[in-house]
Amino acid sequence: MSTDAAEKTAPQPRSANNGNVTKRLQTELMTLMMSPTPGISAFPNDDLLNWTATISGPDGTPYANLTFKLSFEFPANYPYAPPTVLFKTPIYHPNIDFSGRICLDILKDKWSAIYNVQSVLLSLQSLLGEPNNASPLNGQAAELWDKDPVEYKKLVLARHKDLADEELAGL
Amino acid sequence: MSAPNSPTLGLFRSDARPGPLTIPPPNLEGTATATATATAATWSDPRQFVVGAPPNPPSPLALRALTSPSNRRATLAAPTLPLGHADSIRKRSSLPADIDLSTLDYITACDENLICPICRCPLDKPVRLACDHIFCDECLNRALEAQRNGERNCPSCRTRVHGWSEDAGKQKHKTSIPRILTQMLDELVVRCPNGKAGCKWQDKRGEVQDHVDRYCDYTLLACPESECGEVVPRKHRGKSCLHFHTKCEDCEQSVLRLDLEAHQESECPKRAKDCSKCGANIPVRELISHLSSKCPETIVSCPGSPYGCSFQSPHADLKPHTKTCPIAAMAPFLSAQQARQDTQEAQQKLLQRKVDVLEGGFSSIQSLLYTSDAGTRTPTTPLEAMSDPMLRSGSNNGAASASSTAPATENPPFDSSTEHLLFLHDSLRNEISRVENALAVLDARTTMTLLNESLRAKEEMAHTNAAINGMRMQLHWLMSARLQAQREQSGPRAGPSVGGGGAGGAAGASAPMLRPVRRSSEESRQKL
Ligand SMILES: [Zn+2]
Ligand SMILES: [Zn+2]
Ligand SMILES: [Zn+2]
Ligand SMILES: [Zn+2]
Ligand SMILES: [Zn+2]
Ligand SMILES: [Zn+2]
Ligand SMILES: [Zn+2]
């Protein structure tokens, strides 16, 4: 197909369906609130296009018993384009850099319109236990993951502690 | 999943997206025209909307364009202009545009299988792909359109979609939908999309289009005066145009004739009405608030009702009750108490969290003390590392902990000198264990070299022994040969007893002398 046609038809339905973003997000919010999934939670900030979410580290991984805060930013054509997801809690992980950016295919080119906040959070939760060490953002973490699990766990806790201190100070 | 369809969601939903057919309250002059449809015109004035199949209602989008404020002025003489626009919209979807079913308020709980995985609403014009996944037509089109690199894959399973085209007319990716599915979808009960305007209708989704098109009192229709171009709800649509301004007889305000009834019912500042309950004459503007709180006949409950009094009576009778009701007298105190309790609970929660954190720290310190008393552990057991982040050794335990990844490791926040001492103690222990390890390794290495060295010495000794032995044998042989020769020369002189004694003595002496040497050489040979 020609790109010409795409450009001509695309803006029209998009402007007509702008309300669909908020509608779909409201539905998702309702689902999350009516049938909460243990270990994950999400709620919009002042604006429905910006959410704050939390996931707890899966048991049996170095992240067990830790909680991580994330931010979601939804584009105007969500769910046809992925949300921008960032870790707000400092985290030591092969596929997450120090500013919280995540390298996960389903948040980029493997995004599908059927994904939602819940499925993204569940994927991120499983990413914690099964990092993709083939394409790491944090090479040291990827190396340590196999080589020295004890040291890895130490670094995870050290990185997470930054937040715990912050919260304690805030109390 | 019943959540999206629960009736409580009504407000939530309609806020989300004013659908093409949502109509604001009729008393708000002007706004009603912005989102209007005039579908009944199909049969009341067929000339105006002959596009495609005649009985199909025209697109609400097209009609919105038709009645939008900017177009309204221009449409009088040129009704075909916006219709061309409608045509282009219709081409895209290949179906006559109609109510956006996803904006409807669903009353029945909808089965999860009937929900589009993309928009999370009950399916609207379902499309089935070859891989058996079903989506709304519109949702699927948008999802495929948004895919990059020219890929067209099923959003659910990523199977390649064949035959999809942006042009709805050329699409060949759809397979037939089971009839039962469309039937189940059509049987979902929904509210009329004009519910906000006041319509109470609710019925099967399959009927909603018909209801809105033909029967709904609140559907906006084109004004009977074809020159007017305005819209009017079906229930007010008489023979003549109501779109002219008139003066309210009471307040002399200029009001659109169409909105006059609504104005007189609830807005006019000069008009008063008898309250249906108490009979008092109340201005219409205050009637609603009067009925909800002030009217002496309105049933209200005792102020003590949250604390156990079940008394309910008309407004007028409440005062005598509150004077005698002990709970009502206690109510202000109780509510103050409640507020205090709430704030204290909130504070307690905060404190609880603090205590939790502190307890965690305390227990890790305790475990540290306990294990150091037992003195049986090495500082890097995994268990310890897990239970106590404090134990990260501050010393040079590999480049990792000292690197910038964990700035906190370099400056652990010490709350007390005890903690500091504990930390020092621990790092010293680490140091010692490392020295211990190094010593053990060194020890092993020394033992090994010693062993090797002594082995070589032993070997050499055995060689030397063997050589000495050989020389002794030779010497012995030479000596005995010499002795033999001497004996033969001096045989007659010396008595055979002496010679024999001498020979016997030499032989006797040589034999025990030889034996240990031979034995030792044999031993060394065996060792080798
Ligand atoms: Zn859909
Ligand atoms: Zn599929
Ligand atoms: Zn209706
Ligand atoms: Zn009119
Ligand atoms: Zn008036
Ligand atoms: Zn009254
Ligand atoms: Zn009472």
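Chain B has the name RING-type domain-containing protein in an unreviewed UniProt entry, where Coniosporium apollinis is given as its organism.

For chain A, an unreviewed UniProt entry supplies the name Ubiquitin-conjugating enzyme E2 2 and the organism Coniosporium apollinis.

K.L.:
Please provide a residue-by-residue account of the overall build of chain B, values included.
P.N.:
Broken down by element type, chain B carries 17 helices and twelve strands. By residue count, 34% of the 528 residues in chain B fall in the buried class. Considering only contacts in chain B between residues 6 or more positions apart, those separated by 24 or more positions represent 41%. Working note: accessible area of chain B is about 32000 Å², and carbon and sulfur atoms make up 57% of it.

K.L.:
Run through the sheet that holds strand β1 (residues 40–44) of chain A, naming residues and quoting values.
P.N.:
All names here are of chain A. An order of β1-β2-β3-β4 is seen for the four strands of this open sheet, with the pairing classed as antiparallel. Only two strands of the sheet have a single partner each, and these edge strands are β1 and β4 (84–87). Neighbour-to-neighbour, the strand axes of the sheet open up by a mean angle of 20°, direction not taken into account. Relative to β4, strand β3 (residues 67–73) is paired through four bridges, and the arrangement is antiparallel.

K.L.:
Could you give me a rundown of the packing of aromatic side chains, with the residues and numbers involved?
P.N.:
All names here are of chain A. Under the criterion given, the structure shown has ten aromatic pairs over all chains. On the numbers, 6.0 Å between centres and 80° between planes, the contact of phenylalanine 68 with phenylalanine 87 is edge-to-face. Of this pair, phenylalanine 68 sits in strand β3 while phenylalanine 87 sits in strand β4, and the two are 19 residues apart along the sequence. Of the residues examined, phenylalanine 68 reaches a relative accessible area of 1% and is grouped as buried. Accessibility expressed as a relative area gives 3% for phenylalanine 87, which makes it buried. What links up through ring pairs into an aromatic cluster is the set Trp51, Phe72, Phe74, Tyr78, Trp111 and Tyr115.

K.L.:
Explain the coordination of the zinc ion (ligand 7) to me, using residue names and the numbers behind them.
P.N.:
The zinc ion (ligand 7) binds to the protein through B:Cys302 (SG), B:Cys309 (SG), B:His321 (NE2) and B:Cys325 (SG); the donor distances cover 2.0 to 2.4 Å. Classification of the site at the zinc ion (ligand 7) as tetrahedral follows from its four donor atoms and the range of 107 to 111° in their angles at the metal.

K.L.:
An account of the pattern of salt bridges is requested, with residue identities and associated values reported.
P.N.:
In the structure shown here, the tally under the stated rule is 15 salt bridges over all chains. A salt bridge links A:Glu28 to A:Arg24, with the nearest nitrogen and oxygen atoms 2.7 Å apart. Of this pair, A:Glu28 and A:Arg24 both sit in helix α3 (residues 19–34), four residues apart, roughly one helical turn. Classification of A:Arg24 as buried rests on a relative accessible area of 2%. Between B:Asp105 and B:Arg191 there is a salt bridge, and its shortest N-O distance comes to 3.1 Å. One end of the pair, B:Asp105, is in the loop between α5 (80–93) and β1 (126–128); the other, B:Arg191, is in strand β3 (residues 189–191), with 86 residues separating them in the sequence. Given a relative accessible area of 12%, B:Asp105 falls into the buried group. Look at B:Arg191 and you get partly exposed, because its relative accessible area is 27%.

K.L.:
Which residues make up the pairing of β3(A), and what values do they have?
P.N.:
The side chains of a regular strand alternate between the sheet's two faces. Bridge count between strand β2 (residues 50–56) of chain A and β3(A): seven bridges; the pairing is antiparallel. Pairing of A:Ala53 across the sheet is with A:Leu70, part of β3(A).

K.L.:
Any chance you could break down the nonpolar core for me, citing the residues and the numbers?
P.N.:
Counting residues in hydrophobic clusters, the biggest one holds 40 residues, and the most contacted among them are A:Trp51, A:Phe72, A:Phe87, A:Ile102 and A:Leu124. Mapped by element, the contributors of at least two residues to this core are α3, β1, β2, β3, β4, α4 (117–129), α5 (139–147) and α6 (149–170) of chain A. Per-element tally for this core: the top contributor is α4(A), with six residues. Ignoring any residue separated from it by four or fewer positions in sequence, one finds A:Ile102 in contact with A:Leu70, A:Val85, A:Leu86, A:Phe87, A:Asn95, A:Ile96, A:Leu107, A:Lys108, A:Leu124, A:Leu127 and A:Leu137. Formed by 37 residues, the second largest nonpolar core is a distinct cluster that contains B:Cys119, B:Leu129, B:Cys154 and B:Val190.

K.L.:
Account for the confidence of the model for chain B, naming residues and giving values.
P.N.:
All names here are of chain B. Looking at chain B, pLDDT values average 71 and 66% of them are 70 or higher. Taken element by element, chain B is modelled with least confidence in α5, mean pLDDT 35, and with most confidence in strand β2 (residues 134–136), mean pLDDT 93. Note on residues 1–97: pLDDT is under 50 here. Beyond four places in sequence and across chains, it has 168 contacts. For residues 494–525, every residue scores under 50 in pLDDT, and the model assigns this stretch 17 contacts once sequence neighbours within four places are set aside. Among the scores for the predicted complex, ipTM is 0.77 and pTM is 0.49.

Basis of the calculations
Residues numbered from 1 in each chain as written. Chains lettered and ligands numbered in written order. Predicted model: local features only at pLDDT ≥ 70, side-chain atom pairs only at ≥ 80, totals over all residues. Heavy atoms only, no water. Helix = DSSP H or I, 4+ residues; strand = E, 2+ residues; numbered from the N terminus. Buried < 20%, exposed > 50% of the residue type's maximum accessible area, 1.4 Å probe, protein only. Contact = heavy atoms within 4.5 Å. Areas by Shrake-Rupley, 256 points an atom, 1.4 Å probe, with all protein chains shown as cover. Pairing = 2+ DSSP bridges. Axes fitted to C-alpha atoms, helices over the stretch in contact; angles between N-to-C directions. Phe/Tyr/Trp six-rings, centres within 6.5 Å; stacked < 30°, edge-to-face > 60°. Donors = N, O, S within 2.8 Å, 3.2 Å for Na, K, Ca; no water. Tetrahedral: all angles 85-135°; square planar, octahedral: opposite > 155°, others 65-115°. Salt bridge = Lys/Arg side-chain N within 4 Å of Asp/Glu carboxyl O. Core = buried A, V, L, I, M, F, W, Y, C linked by side-chain atoms within 4.5 Å. pLDDT = per-residue confidence, 0-100.

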